[in-house]
Amino acid sequence: MLKIGVLGAGHLGKIHLRLLQQSEKYELVGFYDPNQENADRVSKEFGYKHFSTIATLIHAVDVIDIVTPTLSHYKCAKVAIKSGKHVFIEKPISNTLAEAEEIIALANEYNVKGQVGHVERFNPAFIATKNMIDNPMFIETHRLAEFNPRGTDVPVVLDLMIHDIDVILSVVKSKVKNISASGVSVISDTPDIANARIEFENGCVANLTASRISMKNMRKTRFFQKDAYISVDFLEKKCEVVKMKDAPEVPGDFDMILQNAEGVKKQIYFSNPDVEQNNAILEELDTFADAINTNSTPIVTLEQATEALRVAYQIIDCFKK
């Protein structure tokens, strides 16, 4: 079991602490939080050991789990990596691209592994369908959330849309060619609603919508590809696959047949792949342990997370224009 320590005991940090204590891959050593009052409360309520400095915690572990505000990701990662520790960093990887690229360089220099918490890659509905997603040519995402002041220190693109950016970049095997976007600030200093169009060199187009002031929550992505439509509901953890195949010469009474203007007939098949329920956060942490123990590549690499951040900032630049 790998010894692990958590930096940050806020809302998400407490979730990480609870799951790491349940994990069979890690030994939870303790945590550090700069807010002494919060640290004392968390330590007293849950029994986790609180370390008085980041340095003492880093010294006691093999892996550091960084669940601090985005602004401090780089600083925390730098200290941990220079101490030879593997790092799990909550998304986004850092506040700027320059910081992200330096984290990559440091990880390579000190020969440690890093993974970033793009948790939707571990969503069971996405896991159930990702092997069926083959060269999609149009992707549509809607990520809508009810208002929560906790995320308004960053634009909605970095808070919410970056989840979908990462998922899309993981399935589209092509470089980004062009980005256009618009955003509206309603109650924050930065956009609360955003729409982006990402065009890829292979012709694929992705249309992304994100809002943090919606009346209801929604996290849906639809992938359109030749002879198939795949819908993934990340919130309800459900998926649907609609496929088209050449119609049989003698269709059955209940077969759904479409015929185009040229007379070509296709049969439509509906399926709901089995979704094996999991805890996506525990899954991402455990797979990072596997990557360390087997010296293999983490599922969400520092480089992939940096690419998602790069696209997110290109979208934000469109707002300024």
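Small disclaimer: the values here were computed from a predicted structure and weren't measured. (Residues numbered from 1 in each chain as written. Predicted model: local features only at pLDDT ≥ 70, side-chain atom pairs only at ≥ 80, totals over all residues. Heavy atoms only, no water.)

K.L.:
With reference to specific residues and values, describe the overall build of the protein.
P.N.:
A tally of regular secondary structure across the protein gives nine helices and 14 strands. Projecting the C-alpha coordinates of the protein onto the three principal axes gives extents of approximately 75 × 45 × 40 Å. Taken over 321 residues, the protein has a buried fraction of 50%. Looking at the protein as shown, the accessible area adds up to about 15900 Å², and 49% of this sits on carbon and sulfur atoms. Between the mean site of the 36 positive side-chain charges and the mean site of the 43 negative ones, the protein shows a separation of 2 Å. (Helix = DSSP H or I, 4+ residues; strand = E, 2+ residues; numbered from the N terminus. Buried < 20%, exposed > 50% of the residue type's maximum accessible area, 1.4 Å probe, protein only. Areas by Shrake-Rupley, 256 points an atom, 1.4 Å probe, with all protein chains shown as cover. Lys, Arg positive; Asp, Glu negative; His and termini not counted. Charge placed at Lys NZ, Arg CZ, Asp CG, Glu CD.)

K.L.:
Quick rundown of helix H5 (residues 97-109)? Include the residues and the values.
P.N.:
With 13 residues, H5 ought to run about 18 Å at 1.5 Å a step, and its terminal C-alpha atoms sit 18 Å apart, in line with that. Within H5, the full set of buried residues consists of Glu-99, Ala-100, Ile-103, Ile-104, Leu-106 and Ala-107. Buried residues of H5 fall within an arc of 165° about the axis and therefore sit on the same side. Exposed positions of H5 whose direction lies more than 90 degrees from the buried face are Ala-98, Asn-108 and Glu-109. Looking at the packing, one finds that the buried side of H5 touches helix H4 (73-82), strand E4 (86-90) and helix H9 (302-320). Phi turns positive one or two residues past the end of H5, at Asn-111, with a value near 55°. (Expected span 1.5 Å × (residues − 1). Arc of directions from axis to C-beta. Contact = heavy atoms within 4.5 Å.)

K.L.:
Tell me about the nonpolar core, and please be specific about residues and values.
P.N.:
Core analysis: the biggest nonpolar cluster contains 90 residues, and Tyr-26, Ile-93, Val-157, Met-161 and Ile-165 have the highest contact counts within it. By residue number, the principal contributor to this core is helix H7 (residues 156-171), which donates 10 residues. Both domains that furnish three or more residues to this core are identified here as domain 1 (2-112) and domain 2 (121-280 + 310-319). (Core = buried A, V, L, I, M, F, W, Y, C linked by side-chain atoms within 4.5 Å. Domains from an automatic or database assignment.)

K.L.:
Residue-level account of the UniProt feature "domain: GFO/IDH/MocA-like oxidoreductase" (unreviewed entry) in the protein, with values.
P.N.:
Here the UniProt feature "domain: GFO/IDH/MocA-like oxidoreductase" (unreviewed entry) sits at residues 156-217. Summarising residues 156-217: 26% helix, 39% strand, and an end-to-end C-alpha distance of 14 Å. (UniProt positions renumbered as here; feature names shortened; annotations may be inferred.)

K.L.:
Residues and numbers for the packing of H7 against H9, please.
P.N.:
A pair of packed helices is characterised by two quantities: the angle between their axes and the separation of those axes. It is the contact of H7 with H9, at a shortest axis distance of 9 Å, that shows an interaxial angle of 125°. On the basis of the axis angle, H7 is oblique to H9. Where H7 crosses over H9, the two elements pack in a sense that is right-handed. Residue-level contacts link Val-157, Leu-158, Met-161, Ile-162, Ile-165, Asp-166 and Leu-169 of H7 to Glu-307, Ala-308, Leu-309, Val-311, Ala-312, Tyr-313, Ile-315, Ile-316 and Phe-319 of H9. Residues of the contact of H7 with H9, tallied by class, amount to 14 nonpolar, no polar and two charged. (Axes fitted to C-alpha atoms, helices over the stretch in contact; angles between N-to-C directions. Parallel < 35°, antiparallel > 145°, perpendicular 65-115°, else oblique. Left-handed = near helix turned anticlockwise from the far one by under 90°. Nonpolar A, V, L, I, M, F, W, Y, C, P; charged D, E, K, R; others polar.)

K.L.:
Residues and numbers for the environment of Phe-223, please.
P.N.:
Position of Phe-223 among the secondary structure elements: in strand E10 (residues 218-225). You can call Phe-223 buried: its relative accessible area is 0%. Taking the C-alpha atoms as reference points, Phe-223 and Asn-135, separated by 88 residues in sequence, lie 9.4 Å from one another. Once you skip the residues sitting within four places of it in the chain, Phe-223 turns out to touch Ile-133, Pro-136, Phe-138, Ile-139, Val-167, Val-171, Ala-228, Tyr-229, Ile-230 and Val-232.

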